[in-house]
Amino acid sequence: MNSQGSSGDDAEGARSPNARLLFWLKVPYVADVALVIIGTGLLLADNSIGWWVLVFAAVRAIIGTVALFWLYHRLQARRRD
């Protein structure tokens, strides 16, 4: 390991709080896309549970989007202080 810490701009940018936050907020959206694919597959197979999977994915996406904007504004306000 480097005993001087991270000296490059790339390493510092990859570990910034904004970069970490955006990475962990993207992960649930990937899961939502997977749920939509599963729900659509269930509907195409004439399984009505697909509607519930799609509703669940929609609720997750809405809550995630609200949380994204709420967390982003809180993070930016904290950085200004």
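Residues numbered from 1 in each chain as written. Predicted model: local features only at pLDDT ≥ 70, side-chain atom pairs only at ≥ 80, totals over all residues. Heavy atoms only, no water.

Could you clarify how one ought to interpret helix α3 (residues 49–80) in this entry?
Spacing of three or four residues puts side chains on the same side of an α-helix, whose turn is 3.6 residues. The first and last C-alpha atoms of α3 sit 47 Å apart over 32 residues, in line with the 46 Å expected at 1.5 Å per residue. All of the buried residues along α3 are Gly 50, Val 53, Ala 57, Leu 75 and Gln 76. Check the buried side of α3 and you find it contacts α2 (17–44). (Helix = DSSP H or I, 4+ residues; strand = E, 2+ residues; numbered from the N terminus. Expected span 1.5 Å × (residues − 1). Buried < 20%, exposed > 50% of the residue type's maximum accessible area, 1.4 Å probe, protein only. Contact = heavy atoms within 4.5 Å.)

So what exactly am I meant to see when it comes to unusual backbone geometry here?
If you check the backbone angles, Asp 46 has positive phi at about 60° while not being a glycine. The topology assignment puts Asp 46 in the loop between α2 and α3. Using a relative accessible area of 73% as the deciding quantity, one classes Asp 46 as exposed.

Would you mind going over a nonpolar patch on the surface with me for this structure?
Taken together, the side chains of Ile 49, Trp 52, Val 55, Val 59 and Ile 63 present a nonpolar region at the surface, about 510 Å² in accessible area. Position of Ile 49 among the secondary structure elements: in helix α3. (Patch = residues over 30% accessible without salt bridge, like charges linked within 9 Å, V, L, I, M, F, W, Y side chains within 5 Å. Areas by Shrake-Rupley, 256 points an atom, 1.4 Å probe, with all protein chains shown as cover. Salt bridge = Lys/Arg side-chain N within 4 Å of Asp/Glu carboxyl O.)

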